[in-house]
Amino acid sequence: MFRLLVLAFLLLCACGSVAAGEPVLPQAKAYTTPDAWRQPVAPVRIADHTWQIGTAGITALLVKTSEGALLIDGGLPQAADMLLAHLRALGVAPGELKLILASHAHGDHAGPLAAVQRATGAQVVNNAESAVLMASGGSNDIHFGDDILYPPVQTDRIVHDGEVVVLGDMRLTAHFIPGHTPGSIAWTWDDTRDGKPLHVAYVDSLTAPGYRLIGNLRYPRIVDDFRHSFATVRALPCDLLVTPHADASGWDFADAANPHSRPMTCRAYADAAEARLDAQLAAERSGK
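What this report covers is the structure whose coordinates are included nearby. No experiment lies behind these values; they were computed from the predicted model shown.

Cut-offs and rules
Residues numbered from 1 in each chain as written. Predicted model: local features only at pLDDT ≥ 70, side-chain atom pairs only at ≥ 80, totals over all residues. Heavy atoms only, no water. Helix = DSSP H or I, 4+ residues; strand = E, 2+ residues; numbered from the N terminus. Buried < 20%, exposed > 50% of the residue type's maximum accessible area, 1.4 Å probe, protein only. Areas by Shrake-Rupley, 256 points an atom, 1.4 Å probe, with all protein chains shown as cover. Lys, Arg positive; Asp, Glu negative; His and termini not counted. Charge placed at Lys NZ, Arg CZ, Asp CG, Glu CD. Polar contact = N/O pair within 3.5 Å; in protein donor to acceptor, adjacent residues only side chain to side chain. Contact = heavy atoms within 4.5 Å. Salt bridge = Lys/Arg side-chain N within 4 Å of Asp/Glu carboxyl O. Axes fitted to C-alpha atoms, helices over the stretch in contact; angles between N-to-C directions. Parallel < 35°, antiparallel > 145°, perpendicular 65-115°, else oblique. Left-handed = near helix turned anticlockwise from the far one by under 90°. Pairing = 2+ DSSP bridges.

As a further point, take the overall build of the chain. A count of helical and extended segments in the chain gives seven helices and 12 strands. Expressed as lengths along the three principal axes of its C-alpha atoms, the size of the chain is roughly 80 × 50 × 35 Å. Residues counted as buried form 48% of the 288 residues belonging to the chain. Here the chain displays about 14,200 Å² of accessible surface, and carbon together with sulfur accounts for 58% of that area. Counting 22 positive and 30 negative side-chain charges, the chain places the averaged centre of each group 2 Å from the other.

With respect to the helices and strands, the residue His-180 is situated in the loop between strand E9 (170–176) and strand E10 (185–193). Here Thr-207 takes part through its backbone oxygen, which lies 2.9 Å from a polar atom of the side chain of His-180. In this structure His-180 touches His-104, His-106, His-143, Asp-204, Ser-205, Thr-207, Pro-209, Tyr-211 and Phe-226, once residues within four positions along its chain are discounted.

This part takes up the side chain of Asn-126. Tracing the sequence through the fold places Asn-126 in strand E6 (residues 123–126). Looking at Asn-126, the relative accessible area reads 1%, which means it is buried. Here the side chain of Asn-126 touches Thr-155 through a polar contact of 2.9 Å, side chain to side chain. Asn-126 has contacts with Ala-102, Ala-131, Met-134, Thr-155, Arg-157, Ile-158 and Val-159, leaving out every residue within four places of it along the chain.

With that settled, the discussion passes to the pattern of salt bridges. Where charged atoms from two side chains of opposite charge come close, those side chains can pair. In the structure shown here, the tally under the stated rule is seven salt bridges. Across the pair Glu-163 and Arg-157 runs a salt bridge whose closest N-O atoms are separated by 3.0 Å. By relative accessible area, Glu-163 is classed as partly exposed at 23%. Among the ionic pairs, Asp-278 bridges to Arg-227, the shortest N-O distance being 2.8 Å. Linking Asp-278 in helix H7 (residues 266–286) with Arg-227 in helix H6 (residues 222–234), this pair joins segments that are 51 residues apart in sequence. Judged by its relative accessible area of 36%, Asp-278 is partly exposed. Connected via shared salt-bridge partners are Arg-227, Arg-234, Asp-271, Glu-274 and Asp-278.

Tracing the sequence through the fold places Phe-226 in helix H6. With relative accessibility at 1%, the residue Phe-226 sits in the buried group. Taking C-alpha positions, Phe-226 is 9.2 Å from Ala-208, a pair spaced 18 residues apart along the chain. Excluding anything up to four places from it in sequence, Phe-226 contacts Pro-178, Gly-179, His-180, Leu-206, Thr-207, Ala-208 and Leu-277.

Attention now moves to the environment of Ala-122. Tracing the backbone through its elements, the reader meets Ala-122 in the loop between helix H4 (113–120) and E6. Residue classification places Ala-122 among the buried positions, given a relative accessible area of 3%. When residues no more than four places from it in sequence are discounted, the contact partners of Ala-122 are Leu-97, Lys-98, Leu-99, Ile-100, Gln-117 and Asp-156.

With that settled, the discussion passes to unusual backbone geometry. As a rule of thumb, non-glycine residues mostly have phi less than zero, and peptide bonds are mostly trans rather than cis. Positioned with a positive phi, Asp-73 is a non-glycine residue whose angle comes to about 70 degrees. Within the secondary structure layout, Asp-73 lies in the loop between strand E4 (68–72) and helix H2 (80–89). Overall, Asp-73 belongs to the buried group, its relative accessible area being 0%. The phi torsion at Asn-140 lies on the positive side, around 60 degrees, for a residue other than glycine. Within the secondary structure, Asn-140 sits in the loop between helix H5 (128–135) and strand E7 (157–158). Note on Asn-140: relative accessible area 52%, which makes it exposed.

Moving on: the packing of H2 against H4. Between H2 and H4, the least distance of the axes is 9 Å, while the angle of their chain directions is 45 degrees. Classified by the interaxial angle, the pair formed by H2 and H4 is oblique. For the crossing formed where H2 meets H4, the hand is right-handed. Taken together, the residues of H4 that come into contact with H2 (itself represented by Ala-80, Leu-83 and Leu-84) are Ala-115, Val-116, Ala-119 and Thr-120.

A separate point is the sheet that holds strand E5 (residues 97–101). If you trace the seven strands from one edge of the open sheet to the other, you get E1-E2-E3-E4-E5-E6-E7, paired in mixed fashion. Across the chains shown, the open sheet's two edge strands, defined by having one partner strand only, are strand E1 (44–47) and E7. As paired strands, strand E3 (residues 61–65) and E4 are joined by five bridges and run antiparallel to one another. Bridge pairing in E4 places Leu-62 opposite Leu-71. Against the sheet, H4 engages E4, E5 and E6, with an angle of about 165 degrees to E5.

Right, dumping it as structure tokens:
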């Protein structure tokens, strides 16, 4: 009898809502992305020990060392199986991936890291700001709220600005460049190409896509942070620049014959980003 009463009550409530003309609740928003961000491509050799194993438009870097391998970024959540397949194709067994690093904690770069971490047992290395955002799976983002969610990632090691992460014969330095996110990082390391020394710089995005720059209560010093980060990027050891969004530094990983037809220096990357920020600030001040 009690169940019948409850069912009747629910039906009455439902019918009453419809009768009152209440609108249907909106559909959930999907996080849609350009095809290039989801287009698998064959791995691209960046340097003698560094490979791009992400998609045509989103970078994920594999660095091989004398004591295993490390991964920097992963792309979107649906890229996990592709990354693991590319690791195997390059002779890296799951247990040989020792570390996972990141540029920042947005879902188009950190999306598959939890799955890769589970599959390999690799330790995740972050700064404190990115560790917090990854642990929440991208929720309560300063700029995007809950629009870009992904499986939460547990951080195993916190690094500080200028700290060196060592794996085998590779030493990677963390350079904090807040702005795109409070936890944005550039990673630099020394590799070789055809046996010649090469300073590789993997530099996070320097954009503020749709961000409020003036009077941002969640991020009051965002413009100051960007200015400091531009200066940091200009001073990096940077023979070869790679960025999370490949085209931002002249890469096209879908072009197997010539994937880097438009090389860019770190200084040029920072200069272009600062010009965009200045234009965005001017538009915001004018109310456009």
